[in-house]
Amino acid sequence: MATWKTLLLQDSSSPLMEQLTFFHDHTLMILIIITILVGQMLMSMLFNKFLNRYLLEGQLIEMIWTILPAVILIIIALPSLRLLYILDENPNPMISIKTIGHQWYWSYEYSDYKNIEFDSYMLPINELKSSSFRLLDVDNRLIIPFNTQIRILTTSTDVIHSWTIPSLGVKIDSIPGRLNQTNLTINRTGLLFGQCSEICGANHSFMPITIESISPSLFLKWINSNL
């Protein structure tokens, strides 16, 4: 989860988020190099007196500053397209979970099992425990096994919501009358927090998402206890 003075991305909890972080660093390094180069050129233009007659025409430099941006765009575009295809793939999910957005809470349905569905409301301040997080903890957490391919199906009953978990690199719109899907794989146990990232009404900031990642054996026990 995001903490005080966190300026960069959250620590990744999934392979997809690791790839997104690598791409972010890759693109940021290119932008830093371009910024330094352009800044140096601007400073040079400010402090030079332009007495060199060869600056009136330079076909070589014009060719370089035409071709170089195209090469840079290709260097950025190729890993970006690769990531888009990786994020869109959903190979053989082991569990499908349907998330339904309401004003202002989430409902979850485990489609592979009968009668496992529940609503997830934010815990009010007077019910918080000492270990709970204000405005982020819920009464019924979404239980997911780690190292398991999960398919998330999402929709909404009223307005557009957005199911978002930053540390998993997941952000998908929940739209009334439409079923969107995404996939995720959690690579460690723990609590993962997110919130609705669409402006969905007055209490938009009070519909948090809490995922509890546990081992597959404990997940099976939890499933059996709820059947």
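Residues numbered from 1 in each chain as written. Predicted model: local features only at pLDDT ≥ 70, side-chain atom pairs only at ≥ 80, totals over all residues. Heavy atoms only, no water.

With respect to the packing of aromatic side chains
All chains considered together, the criterion is met by eight aromatic pairs. Ring plane angle 40° and centroid distance 6.4 Å describe the contact between Tyr-110 and Phe-219, whose orientation is recorded as tilted. Of this pair, Tyr-110 sits in strand 2 (residues 105–110) while Phe-219 sits in helix 3 (residues 216–226); the two residues are 109 residues apart in sequence, bridging distant segments of the chain. Neither Tyr-110 nor Phe-219 differs from the other in exposure class; each is buried. Aromatic side chains Phe-133 and Phe-193 sit 5.1 Å apart centroid to centroid with 70° between the ring planes, which places their arrangement in the edge-to-face category. Taken as a pair, Phe-133 in the loop between strand 3 (117–120) and strand 4 (142–145) and Phe-193 in strand 9 (residues 190–195) lie far apart in primary sequence, 60 residues in all. A residue is classified by how much of its surface remains accessible, and Phe-133, at 32% relative accessible area, is partly exposed. (Phe/Tyr/Trp six-rings, centres within 6.5 Å; stacked < 30°, edge-to-face > 60°. Helix = DSSP H or I, 4+ residues; strand = E, 2+ residues; numbered from the N terminus. Buried < 20%, exposed > 50% of the residue type's maximum accessible area, 1.4 Å probe, protein only.)

A short note on the side chain of Thr-185
When you line up the elements, Thr-185 lands in the loop between strand 8 (180–184) and strand 9. If we ignore the near neighbours within four places in the chain, the residues touching Thr-185 are Ser-13, Ser-14, Pro-15, Asn-147, Thr-148 and Gln-149. (Contact = heavy atoms within 4.5 Å.)

Side note on the pairing of strand 1 (residues 95–102)
Successive side chains on a regular strand alternate, one facing one side of the sheet and the next facing the other. The buried fraction of strand 1 is high, at seven of eight residues. Examined bridge by bridge, strand 1 and strand 5 (residues 150–156) share seven bridges and lie parallel to one another. Looking at strand 5, one finds that Ile-100 is bridged to Thr-155. As paired elements, strand 1 and strand 2 share six bridges and run antiparallel to each other. Bridging from a neighbouring strand, Gly-101 pairs with Trp-106 of strand 2. If you look at the hairpin formed by strand 1 and strand 2, you'll find two residues sitting between the two strands. (Pairing = 2+ DSSP bridges.)

Considering the nonpolar core
Counting 28 residues, the largest nonpolar core has Ile-97, Trp-163, Leu-184 and Ile-211 as its most contacted members. Taken together, the elements giving at least two residues each to this core come down to strand 1, strand 2, strand 4, strand 5, strand 6 (161–165), strand 7 (170–174), strand 10 (208–214) and helix 3. Setting aside residues no more than four positions away along its own chain, Trp-163 makes contact with Thr-99, Trp-106, Tyr-108, Leu-142, Ile-152, Val-170, Lys-171, Ile-172, Ser-174, Leu-184, Ile-209 and Ile-211. (Core = buried A, V, L, I, M, F, W, Y, C linked by side-chain atoms within 4.5 Å.)

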